[in-house]
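In case you want the letters, here they are:
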Amino acid sequence: MLNTDNILDVARLARFLAERGFDLDLKQPPRLLTGGLANLNYAIAVNGRPAVLRRAPAGKLPTGAHDMAREHFVLSRLCGKFPEAPESYLLCDDASVIGAPFQIIEFRDGRQVRGEDLSCLSEEEDLPAALPDLLGGLLAKLHAVDPRDCGLQDFGKPEGFAKRNAARWSDRAVDLTRGTRRAERAVDVESILRDRFADWEGGSPVILHCDFKLDNLLLARGSVRPVALVDWDMATRGDALFDLGTLLSYWSEPDDPPCMLRLKQMPTALPGFPGRSRMAAAYAAASGRSVEDVEAFRVLCLLKLAVVFLQLHQRWRSGDLGDDRYAGFEALGLELLDYTHSVAAQLDGNQQRQVPS
């Protein structure tokens, strides 16, 4: 179905930008870029050069998600110390201009590998061999940035980050499954994560992307080399292993259960791609950090992923999202919760409870 929230009031946008020194080229109308499941990105031209207008979706948004102000704050500072972060030129937090807060962000020319589609790569480019070091090296580079060097030393709430996020996502999972046959599994995962992170003491907090995966990376033309890392609206400071756990929660393997294979967030289940352990080892080598506790963070991030799919389905069902891609997200989210429960039980070293599925 057509989502009218995708249609911009170009005249009003042009007036708003002109008042702030940005000349919107009306000969090149904003073009909605494909990909992504929530935030909307438009190719535009301002002041004679390409740029991206990035806006939050319409409707009531989950706490902490689609935060244009957060993303602008990070990108406008980080770009000087982390070259793969595009610069954010302008923030508009007035939803009345185009229907939601938005930013104007630097355009970077590059290729995106979406899901299992490798068509943007040449036959000579060996992505399976390059991927662990490509992602591990970039993530280590981000985590090596000193927040004090880019004015981000007071950004976020790093103290108690892991414990707080374990409680946050567990509470949401419990709420979303209350009264259903998955409720006991959600409570089990909550208990395991609470115990695991109750006395957690991570190292010095780092700048976190919080959605680090392959399709948020733009690759150079003709080279498996990063030119931009995008989608920073959930960025914060906290435990480095949270970013690695996020990446591994998307990293499917051929023997994973069907829900992980249906994710198709990255091509890692295809023949020839290395597994999660190789990815974790590459990050450890590049960063010098221990990844001994990364499986606990993978459980946390798998739970977060299940909750996100359930929340997106809930918003679709309420009419906030007009894209029927979300129709099957409830089933996927519940299956991901089942998988999270099995991984958490292995982590905890206990026998998984038998709950009807």
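Residues numbered from 1 in each chain as written. Predicted model: local features only at pLDDT ≥ 70, side-chain atom pairs only at ≥ 80, totals over all residues. Heavy atoms only, no water.

### Examining the nonpolar core
- Membership of the largest hydrophobic core comes to 83 residues, with the highest contact counts inside it found for Leu-78, Phe-82, Leu-135, Trp-232, Leu-244 and Leu-336.
- Ranked by residue count, the leading element in this core is helix 9 (residues 294–318), at 13 residues.
- In contact with Leu-78, not counting residues within four places along its chain, are Ala-85, Leu-142, Val-145, Cys-150, Leu-152, Ile-207 and Trp-232. (Core = buried A, V, L, I, M, F, W, Y, C linked by side-chain atoms within 4.5 Å. Buried < 20%, exposed > 50% of the residue type's maximum accessible area, 1.4 Å probe, protein only. Helix = DSSP H or I, 4+ residues; strand = E, 2+ residues; numbered from the N terminus. Contact = heavy atoms within 4.5 Å.)

### Describing the pattern of salt bridges
- Here the structure, examined in full by the defined rule, presents 20 salt bridges.
- Between Arg-178 and Asp-175 there is a salt bridge, with the nearest N and O atoms lying 2.9 Å from each other.
- Its relative accessible area of 54% is what places Arg-178 among the exposed residues.
- You can call Asp-175 partly exposed: its relative accessible area is 48%.
- Each of the salt bridges in this network shares a partner with another, and the network as a whole consists of Arg-54, Glu-71, Asp-231 and Asp-233. (Salt bridge = Lys/Arg side-chain N within 4 Å of Asp/Glu carboxyl O.)

### Thoughts on the confidence of the model for the chain
- Here the chain averages 91 in pLDDT, and 92% of its residues register 70 or above.
- Predicted confidence is poor over residues 1–5, with pLDDT under 50, and the contacts of this stretch with residues over four places away or in other chains come to seven contacts.
- Low pLDDT, under 50, characterises residues 350–357; the predicted model gives this stretch 13 contacts beyond four residues in sequence or across chains. (pLDDT = per-residue confidence, 0-100.)

### Considerations on the sheet that holds strand 4 (residues 88–92)
- Spatially, 1-2-3-5-4 is the arrangement adopted by the five strands of the open sheet, whose pairing is antiparallel. Where the open sheet ends on each side, the last strands, each with one partner, are strand 1 (31–32) and strand 4.
- When strand 4 meets strand 5 (residues 102–106), the two strands line up antiparallel, connected through four bridges. In the sheet register, Leu-91 faces strand 5, and the bridge partner there is Gln-103.
- Sheet strands in contact with helix 1 (residues 10–18) are strand 2 (40–46), strand 3 (49–55), strand 4 and strand 5, and its direction is about 70° off that of strand 5.
- Sheet strands in contact with helix 2 (residues 68–78) are strand 3, strand 4 and strand 5, and its direction is about 155° off that of strand 4. (Pairing = 2+ DSSP bridges. Axes fitted to C-alpha atoms, helices over the stretch in contact; angles between N-to-C directions.)

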